[in-house]
Amino acid sequence: MLHVFGHKNPDSDSICTALVTADWLNRQGRPAQAYALGEPIAETRFILETAGVEAPPVLTGSIANKPVFLVDFSELEQGPEGLAEADVQGLIDHHRIGTLITRGPLDAWVRAVGCSATVLLELMGHANLSRAQARLLLGAIISDTFNFTSPTTTAEDRLAVDRLLPIADLALAPFAQTLLERRTQLGDTPLCELLVADEKAYQIAGHSLMVSQICVMDPSQVHSRMEELHQAMEERLTLDSLDGYVLMLTDLAKGSSELHFASRGILPAEPVQLAGALSRKKEGLPWLTQQLSKVPR
C-alpha cells in the first residue's frame, strides 16, 4: 500500500492533491491511501466541506521501509519520521528539489507552476474527474496562487482552473473569496499555532531554518501581537536547535510582505520589507538564500 502525503503543517495543496493522487494511483491498480502530516487548517476544511470529502487520516509513527508517494515537497526536514529510509516511489511537486535522496529510481513530475494540483491535472487529464476531485484540485490551485495574484501563477494554472470550473460546478469569485477569507481569519488563535500553521523547515547555505508565513488582509491584527510572536520565535531556536526562524508576514490586500527574524546572529535584527512579494517559494526563499550565502560558516 502506497502512503501518499504532503509536507508537515499541511496546506490545502498538500492535503487536496494527496487525496486526488491516491485516487489516481488506485485507478491504475496501485493500491494507495492518502494521509496528512497534521490537521487541516480552516481554509482546507472549507474546501473539503465543499467537495463533500473527509479529511485524510493523520500519519503517525515511522514510515521507514514503507512505500511512499510524495506531493508538494521534497525536503526531508518537512517529512515524517523515517522518510530518509522510506521507499519513495513517486513525487508530484512544484518547488525546488530539496534534500530528499531516494533509494532507487522513482516517477517524478516537478513543474515550475503555481500548485502541485496543476501538475497532477496534467497527468490525469480532466475527462474522468468527479465533481469532488475537481473541487479539491480547484481549491488547491486558488489557495496556492492566492487566486492568481501570486507571482508563481502560470498560464498552466489558469488553464487548469478553466478546465476544472465546469466539472466542479462552482462560480469562481464567491468560492475564491470565501476560501481566502477562511485563510486570513486569525481570530484568537494562539500565537504558537499561528507560527506552526504554515511553517516549513529548510537547510539553506548550511544553516538550519524554519520559515513560517502568515497571510492577512490587515497586518495590524498581527502587529499588535508582534512582541509575543518574536518571543515565540526565539523559543523555537532553542526548542528545535535552529540557526534561524523567519516569519514572512504577507499583506494580501497590498501584495507585499515583511520578514521578521529570530536567529543566532545570521539574520537581520530588524524587519525587512519585500515590496510586491507574496510567495515564500519565489521571493522569500531566494532573498534568504542570497542573505545567508554571505554569512561565514
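Thresholds, definitions, all that
Residues numbered from 1 in each chain as written. Predicted model: local features only at pLDDT ≥ 70, side-chain atom pairs only at ≥ 80, totals over all residues. Heavy atoms only, no water. Helix = DSSP H or I, 4+ residues; strand = E, 2+ residues; numbered from the N terminus. Pairing = 2+ DSSP bridges. Axes fitted to C-alpha atoms, helices over the stretch in contact; angles between N-to-C directions. Core = buried A, V, L, I, M, F, W, Y, C linked by side-chain atoms within 4.5 Å. Buried < 20%, exposed > 50% of the residue type's maximum accessible area, 1.4 Å probe, protein only. Contact = heavy atoms within 4.5 Å. Polar contact = N/O pair within 3.5 Å; in protein donor to acceptor, adjacent residues only side chain to side chain. Phe/Tyr/Trp six-rings, centres within 6.5 Å; stacked < 30°, edge-to-face > 60°. Expected span 1.5 Å × (residues − 1). Arc of directions from axis to C-beta.

Trainee: Could you give an account of the environment of Thr 178, naming the residues involved and the relevant values?
Mentor: As for its placement among the helices and strands, Thr 178 is situated in helix α6 (residues 172–184). Put simply, Thr 178 and Ile 47 are 131 residues apart on the chain and 9.8 Å apart in space, counted from C-alpha to C-alpha.

Trainee: Lay out the sheet that holds strand β8 (residues 244–251) with the relevant residues and their values.
Mentor: In sheet architecture, strand pairing relies on hydrogen bonds along the backbone and comes in two forms, parallel and antiparallel. Taking strand neighbours across the sheet as the criterion, the five strands line up as β6-β7-β8-β9-β10 in an open arrangement whose pairing is mixed. Looking at which strands have only one partner, the edges of the open sheet turn out to be β6 (199–204) and β10 (272–274). Each strand axis lies, on average, 25° off the axis of its neighbour in the sheet, ignoring direction. Sheet topology places strand β7 (residues 207–216) next to β8; eight bridges connect them, and they run parallel. Bridge pairing links Met 210 to Tyr 245 in β8.

Trainee: Tell me about the nonpolar core, residues and numbers included.
Mentor: Ranked by size, the top nonpolar core spans 45 residues in total, and within it Val 4, Leu 136, Leu 137, Leu 138 and Leu 164 carry the most contacts. Ranked by the residues each element gives to this core, the list is headed by helix α1 (residues 12–27), at eight residues. In this structure Leu 136 touches Cys 16, Leu 19, Val 20, Ile 47, Leu 48, Ala 51 and Val 53, once residues within four positions along its chain are discounted. Counting 19 residues, the second largest nonpolar core, distinct from the first, contains Met 233, Leu 242, Tyr 245 and Ala 262.

Trainee: So what's going on with the side chain of Thr 250? Residues and values would help.
Mentor: Mapped onto the elements, Thr 250 comes out in strand β8. There is a polar contact of 2.8 Å between the side chain of Thr 250 and the side chain of Ser 257. Setting aside residues no more than four positions away along its own chain, Thr 250 makes contact with Gln 213, Ile 214, Cys 215, Val 216, Ser 256, Ser 257, Ala 277 and Leu 278.

Trainee: Now, about the packing of aromatic side chains: what can you tell me, with residues and values included?
Mentor: On inspection of all chains with the given rule, the structure shows four aromatic pairs. Taking 6.4 Å as the distance between ring centres and 35° as the angle between the ring planes, the aromatic pair formed by Phe 5 and Phe 73 counts as tilted. One end of the pair, Phe 5, is in strand β1 (residues 2–5); the other, Phe 73, is in the loop between β3 (67–71) and β4 (87–93), and 68 residues separate them in sequence. With respect to burial, Phe 5 and Phe 73 carry one shared label: buried. Considering the side-chain rings of Phe 261 and Trp 287, the 5.8 Å spacing of their centres and the 25° angle between planes classify their relative orientation as stacked. Linking Phe 261 in strand β9 (residues 256–263) with Trp 287 in helix α10 (residues 280–292), this pair joins segments that are 26 residues apart in sequence. You'll find Phe 261 and Trp 287 in the same group, each marked buried.

Trainee: I'd like a rundown of α1, residues and numbers included.
Mentor: With 16 residues, α1 should reach 22 Å at 1.5 Å per residue; the first-to-last C-alpha distance of 23 Å fits that figure. Counting buried residues in α1 gives 13 out of 16 residues, a clear majority hidden from the surface. Among the residues trailing α1, Gly 29 stands out with phi positive, at a value near 85°.

Trainee: A description of helix α5 (residues 155–168) should follow, citing residues and the corresponding values.
Mentor: Here α5 is 14 residues long and its end C-alpha atoms lie 20 Å apart, about the 20 Å a rise of 1.5 Å per residue gives. Listed in full, the buried residues belonging to α5 are Asp 157, Ala 160, Val 161, Leu 164, Leu 165 and Ala 168. Across the axial projection of α5, the buried residues extend over an arc of 140°, all falling on one side. Away from its buried face by more than 90 degrees, α5 exposes Ala 155, Asp 162 and Pro 166. Buried residues along α5 sit in contact with α3 (116–124), α4 (131–144) and α6. At the C-terminal side of α5, Asp 169 shows a positive phi close to 60°.

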